[in-house]
Structure formats: C-alpha cells, structure tokens
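A closer look at the structure
Each chain is listed here by its residues.
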Amino acid sequence: GAKYIAGADCADEAGGGVNDLIIMDAQTGEEVAEMNADIPADEFAIRCHRVLKEYDCPLFAPERNGTVGGIVVTKMDDLGYPNMYINKSGKIGWVTTSNAQPPKVSRFQMLKEYEEAVRRRATIIHSAEAISEMSTFVRDETGHYRPRAGTKSDRIMSRAICWQMRKEKVFNSVGFSSVQRKAYV
C-alpha cells in the first residue's frame, strides 16, 4: 500500500492566513487529501488528527513558527499523535523562517525546491485552489518568494513543507528510514 507524508501551514497570529493540511503519497508526490480551514489552531489540530488517522498516521510536519504553530504542535502531542516530525535537535514541527535550522532549509530554499518540483511535474496537484494560489505567488525584486498583495500562501507553504518531508525520509520496502546527507568534495 501507499505510504503517506503530511505537512501543514498554520495560520499566523495577524490573521493573514488560513490553516492548511496536505497529505501526499511519499513515493509519487501525488496529493491525496487537503484540508483548508479558517478555524482556531486547537480545532485545526483536532481535525488534522482525525484526517491523518484515516491515512494510517503518516509522518506529519506542522509548521511550528509563532504561537499558532506551537498550539497545533502541543495539541497534536496532547491527542497522542504517534508520528510527528522531530528535527535533529529534538523539536517537533517544521520551521519556515528565513534562517530555519535544523534541518537548515531556509524558507527560500524550501520554496525554490517546491517550485522546481512543480515545474518538473514531480508532484501531482489536484487542488484548483492551490493552482490558483500559485499563480499569485511570485519572486519579488529582491528574489524572495511572496504572495501578491491581498493573496495568501497557505496552500503553497503546506505543500513545500510536505515536499521537504520527502527529502527527510526515504521510502523503502519496510517503511521510512532516516537518511544522513553527505557532503562530497
């Protein structure tokens, strides 16, 4: 059977975003489920827990930036979700800031890699809403990825987090195993 991974973008405290969960086939990159909800963080976590259980509790990396991400991470822990992404320093969740570390993948790099996956058609997107959102997400004059004024990036961020989970875990016949990246000189 298919093995899944999941990522979530948690709405920011300023009210400029919406919570978004994406579940993806770890091997093919095909999206299999999405939940986009403008609801409080604790309710979003409860709904994530319910949906993720339907997909056999895939590896889940919620964005943990700010208060809202922290609430989602804490609530998922309280609910006993068994397969949370934990970084090398032992922290649950994914950081999407410009200086994110570990795993030392900045917001820019994460979005660049996801953009490349979309262009190469390495991921299969079923959401018309996500495709529409992508059409308003541009690189500004400084080279940074940003949504145009009055638009959102929640669906893109959740997918970019999920895409990173594909790099963090390798699918094999037994399941997922961690991979250490090696530098070649």
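For the structure itself, consult the block above.
Residues numbered from 1 in each chain as written. Predicted model: local features only at pLDDT ≥ 70, side-chain atom pairs only at ≥ 80, totals over all residues. Heavy atoms only, no water.

Topic: the pairing of strand S2 (residues 19–25)
Of all the seven residues making up S2, seven are buried; the element is thus mostly covered by neighbouring parts of the structure. Residues Asn19, Leu21, Ile23 and Asp25 line one face of S2 and the alternating positions Asp20, Ile22 and Met24 line the opposite face, and both faces are buried. As defined by bridge partners, strand S1 (residues 4–9) adjoins S2 across six bridges and the pair is classed as antiparallel. Each residue of the ladder has a partner; that of Ala8, found in S2, is Leu21. Summarising the sheet, S2 and strand S3 (residues 31–37) pair through six bridges and their orientation is antiparallel. Looking across to S3, one finds that Asp20 is bridged to Asn36. (Buried < 20%, exposed > 50% of the residue type's maximum accessible area, 1.4 Å probe, protein only. Helix = DSSP H or I, 4+ residues; strand = E, 2+ residues; numbered from the N terminus. Pairing = 2+ DSSP bridges.)

Remarks on the pairing of S1
Extensive coverage of S1 is indicated by the burial of six of its six residues. Covered by surrounding structure in S1 are Tyr4, Ala6 and Ala8 together with Ile5, Gly7 and Asp9, the residues of both alternating faces.

Overview of the pattern of salt bridges
Evaluated as defined, the whole model comprises seven salt bridges. The closest approach of N and O atoms between Asp20 and Arg159, which form a salt bridge, is 3.8 Å. On the criterion of sequence distance, the pair formed by Asp20 in strand S2 and Arg159 in helix H5 (residues 154–168) is long-range, its members being 139 residues apart. Its relative accessible area of 0% is what places Asp20 among the buried residues. (Salt bridge = Lys/Arg side-chain N within 4 Å of Asp/Glu carboxyl O.)

Let's talk about the sheet that holds S1
Hydrogen bonding along the main chain pairs the strands of a sheet, whether they run parallel or antiparallel. The four strands lie next to each other as S3-S2-S1-S4, forming an open sheet whose pairing is mixed. Edge positions in the open sheet fall to S3 and strand S4 (59–62), since each of these has one partner strand only. Adjacent strand axes in the sheet meet at a mean angle of 10 degrees, parallel and antiparallel pairs treated alike. (Axes fitted to C-alpha atoms, helices over the stretch in contact; angles between N-to-C directions.)

Here we look at the packing of aromatic side chains
Per the stated rule, a full pass over the model turns up three aromatic pairs. When the centroid spacing of 5.3 Å and the interplanar angle of 50 degrees are considered together, the rings of Tyr85 and Trp94 count as tilted. Each member of the pair, Tyr85 together with Trp94, is buried. (Phe/Tyr/Trp six-rings, centres within 6.5 Å; stacked < 30°, edge-to-face > 60°.)

Quick look at the packing of helix H1 (residues 41–54) against helix H2 (residues 66–78)
One can describe the packing of H1 onto H2 by two numbers: an axis separation of 8 Å at closest approach and a directional angle of 45 degrees. With respect to each other, H1 and H2 are oriented oblique. Remark: the crossing between H1 and H2 carries right-handed chirality. Between H1 and H2, the contacting residues are Ala41, Asp42, Phe44, Ala45, Ile46, Cys48, His49 and Leu52 on the first element and Val68, Ile71, Val72, Lys75 and Met76 on the second. Split into classes, the residues belonging to the contact of H1 with H2 amount to ten nonpolar, one polar and two charged. (Parallel < 35°, antiparallel > 145°, perpendicular 65-115°, else oblique. Left-handed = near helix turned anticlockwise from the far one by under 90°. Contact = heavy atoms within 4.5 Å. Nonpolar A, V, L, I, M, F, W, Y, C, P; charged D, E, K, R; others polar.)

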